[in-house]
Amino acid sequence: GGRFGFITTKTIKEDDIEEILENLELSLLEGDVAFEVADTIVESVKEDLIGRKIKRRGDMELFTTNALKKSIYEIIDNGEYDLLGDIEKVRKTGEPYKIMFVGINGTGKTTTIAKLATYLERYGYTSVLGASDTFRAGAIEQLEYHAKNLNMKIIKHPKDSDPAAVAYDAVDHAKATGKDIVLIDTSGRMQTNANLMDEMKKIKRISKPDIVIYVGDALMGNDATEQADKFNEVIDIDGIILTKTDADAKGGAALSIGHVIHKPILFIGVGQGYDDLIEFKPEWMIDQIFNEQEAEA
Amino acid sequence: MLEGLSENLTNTMKKLSGMSIIDKKTLKEITKEIQKALIQSDVNVKVVLNLTKEIQRRALDEELPKGLSPKEHVMRIVYEELVYLIGEKPEPLDINKKPYKIMMLGLQGSGKTTTTAKLAKNLKKRGLTTAIVCTDTWRPAAYEQLKQLSEPLDVPVYGDPKNSDAVDLAQKGLEHFGSKYDVIIVDTAGRHKEEADLLDEMKQLSTVVNPDEVILVIDGTIGQQARNQAKAFKQTTTIGSIIVSKLDGSAKGGGALSAVAEINAPIKFIGTGERVDDFEAFDPERFISRLLGMGDIETLIERA
Ligand SMILES: Nc1nc2c(ncn2[C@@H]2O[C@H](COP(=O)(O)OP(=O)(O)OP(=O)(O)O)[C@@H](O)[C@H]2O)c(=O)[nH]1
Ligand SMILES: Nc1nc2c(ncn2[C@@H]2O[C@H](COP(=O)(O)OP(=O)(O)OP(=O)(O)O)[C@@H](O)[C@H]2O)c(=O)[nH]1
Ligand SMILES: [Mg+2]
Ligand SMILES: [Mg+2]
């Protein structure tokens, strides 16, 4: 606390915190928080700090830390999605619980389906995997390998056939055989591609998922806001899974996405194995941001 | 949002229009806007700070060239510094021996396998024959993916889904194709800087393949991590060039610039879609316009 080595009571003014806020903004940006979101956070920290009275050394750091935490919580804490409770409710009606996965190319949708099926199996739920990515080379075979490894049923049609029809058949299969969960894989698509976004809407219309999960890559930068915003607008996302957080990503994308669509993050992906999926807690984001600051200090 | 940003930059630049000398305060404002533009385009914060320090220094130190307004002068410096980083002209992929061995490298899901097929198609158009070796033993159906991508191109793929030794696969693949083809592309599994085993595997692959060119595939949507990841990759092999994928979305591709700054290898191509034809030679000028969120940089430079 060298910079604030005064003892007498002092009221915080804008000038006193300019440098702190600038550094804060830089470390948020370095953690891949999108520019406009970092701006919003810094503004809210500033508002929180100005006018406060400092009485002792260390107050400034404490106030700043608390203000930052509060601001991050506000963005990231979009309620907890009670996935298991939700599944139970739907299962009581005798219907299978349907989850549809969407996102841009290569974020980890297919792998995450295999991970989530593994997770749900631990709670006693049986899954059927719907190979609705009929477009990308090797996509059906990829999901097929996962199904084989996990000893689960996959519903597939030939490559390039109608993805909505595959999803429909997967739901049908679950109903007929009493499976608990239908996990629908879809092709990666750019949010700027109107045709593909329409196709995704059609898959949703036909398969009527109980929940749509947006799979985002923790390594992505500023585009996270645009992507999430557009997907949410077109298909109404219910929850988020953030992948590849094991790659030393700070994962500021979680804040960027949370800020624009206010939807909860359910899980984070922490590796390529079937067990590498953990439940998301807002504290994770706090740790990410603060570890970084400590490392720099 | 980005439109607004370029507007800010343009508006700030306009302030310079009427001035006959560059004053410090305006320069600082402009520097801030340039920083904003670059960071919003995902260029690494440290790279941006270094870059703008140099821009500021030059704008103040260098004499205003005759016939240039301060605005044109600053714009030219910005452009020159970016060009200094990424190169003025697109560097071609120079196939100078047979077989010319190319090895792909990159993070999980960055686009290596798709880019391998795009490259094979591109080479075919140049009249060169290509063969592909699949060494990805991690991702389920990596071999099938390559097979399906290359079949319509009539490009052979060596692979064996039962073999889980990437180095062995590389060795066998190279032996299999010998010197029958002009180019052999070795596709590899995705990996990142925290996966020590996989980085070690890359080192071994590099020794066994002895590639003539290692191509780093960078996801156009990646953010600040591009720099550190590139740094870790650099320690496993000598990277000769970069291909930026997924530039058909709305991301600006600044992560690639950070990688260039880190490993000092040129960007040679960009990927602009999922199909094998969605592949273009890298155009530095267009890329810089995109980074700065300014459409009119070319005309500015021409006048400058
Ligand atoms: N390190 C790491 N890799 C992951 C994680 N999740 C997925 N991957 C890897 O990322 C790559 C892409 O994963 P996929 O599941 O194929 O991604 P996708 O979104 O289905 O891709 P498309 O269908 O092509 O859009 C694969 O190599 C996965 O093993 C994760 O949490 N950590
Ligand atoms: N929109 C778009 N998608 C692309 C582009 N290049 C690759 N992709 C898609 O990105 C996803 C991942 O591509 P892959 O080629 O499987 O990536 P990879 O690096 O080989 O992945 P791993 O082997 O799992 O590490 C696929 O859905 C591709 O179709 C591009 O330029 N634009
Ligand atoms: Mg997939
Ligand atoms: Mg691959």
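The structure under discussion appears in the preceding block.
Residues numbered from 1 in each chain as written. Chains lettered and ligands numbered in written order. Predicted model: local features only at pLDDT ≥ 70, side-chain atom pairs only at ≥ 80, totals over all residues. Heavy atoms only, no water.

In terms of regular secondary structure, chain B is built from 12 helices and eight strands. Against the compact-globule benchmark of 19 Å for 304 residues, chain B has a radius of gyration of 21 Å, which places it among compact chains. Seen along its three principal axes, the alpha-carbon backbone of chain B occupies a region of about 70 × 40 × 30 Å. Taking all 304 residues of chain B together, the buried fraction comes to 60%. For chain B, restricting intrachain contacts to residue pairs at least 6 apart in sequence, the fraction spanning at least 24 positions comes to 76%. Summed over its atoms, the accessible surface of chain B is roughly 12,600 Å², and 47% of this surface lies on carbon and sulfur atoms. Within chain B, the 45 negative side-chain charges are centred at a point lying 3 Å from the centre of the 42 positive side-chain charges. (Helix = DSSP H or I, 4+ residues; strand = E, 2+ residues; numbered from the N terminus. Rg over C-alpha atoms; globule rule 2.2 N^0.38 Å. Buried < 20%, exposed > 50% of the residue type's maximum accessible area, 1.4 Å probe, protein only. Contact = heavy atoms within 4.5 Å. Areas by Shrake-Rupley, 256 points an atom, 1.4 Å probe, with all protein chains shown as cover. Lys, Arg positive; Asp, Glu negative; His and termini not counted. Charge placed at Lys NZ, Arg CZ, Asp CG, Glu CD.)

Another aspect to go through is the packing of helix H4 (residues 70-86) of chain B against helix H10 (residues 254-263) of chain B. Between H4(B) and H10(B), whose axes approach to 9 Å, the crossing angle comes to 65°. Contacts from B:Leu82, B:Leu85 and B:Ile86 in H4(B) reach B:Leu257, B:Val260 and B:Ala261 in H10(B). (Axes fitted to C-alpha atoms, helices over the stretch in contact; angles between N-to-C directions.)

Here the focus is the site of ligand 2. Around ligand 2, the structure places 24 residues, and the nearest of them are B:Lys112, B:Thr113, B:Thr114, B:Arg139 and B:Asp248. Flanking ligand 2 are residues from chains A and B. In this structure, B:Asp248 approaches ligand 2 through a side-chain N or O atom, which is 2.8 Å from a nitrogen atom. Residue B:Gly273 places a main-chain N or O atom 3.2 Å away from an oxygen atom belonging to ligand 2. Starting from 650 Å² of accessible surface for ligand 2 in isolation, the protein chains cover 96%. (Near = heavy atom within 4 Å. Polar contact = N/O pair within 3.5 Å; in protein donor to acceptor, adjacent residues only side chain to side chain.)

Residue and element names in this part refer to chain B. Applying the stated rule across the entire model yields seven aromatic pairs over all chains. For the pair Phe 269 and Phe 279, a centre-to-centre distance of 4.6 Å together with 15° between the ring planes defines the contact as stacked. Of the two residues, Phe 269 is situated in strand E7 (residues 267-271) and Phe 279 in strand E8 (residues 279-281); the sequence distance between them amounts to 10 residues. Using a relative accessible area of 8% as the deciding quantity, one classes Phe 269 as buried. Relative accessible area serves as the criterion here: at 11%, Phe 279 is assigned to the buried category. (Phe/Tyr/Trp six-rings, centres within 6.5 Å; stacked < 30°, edge-to-face > 60°.)

The next point concerns helix H6 (residues 139-150) of chain A. Residues and elements named next belong to chain A. For H6, spanning 12 residues, the distance from its first C-alpha to its last is 17 Å, which sits close to the expected 16 Å at 1.5 Å a residue. For H6, the set of buried residues is Ala 139, Ile 140, Gln 142, Leu 143, His 146, Ala 147 and Leu 150. One side of H6 carries all its buried residues, which in axial view fall inside an arc of 165°. Seen from the open side of H6, the exposed residues pointing more than 90 degrees away from its buried face are Lys 148 and Asn 149. On its buried face, H6 is in contact with helix H5 (109-122), strand E4 (127-131), strand E5 (153-155) and strand E6 (181-185). Taken from the residues just after H6, Asn 151 is the one with a positive phi, measuring 60°. (Expected span 1.5 Å × (residues − 1). Arc of directions from axis to C-beta.)

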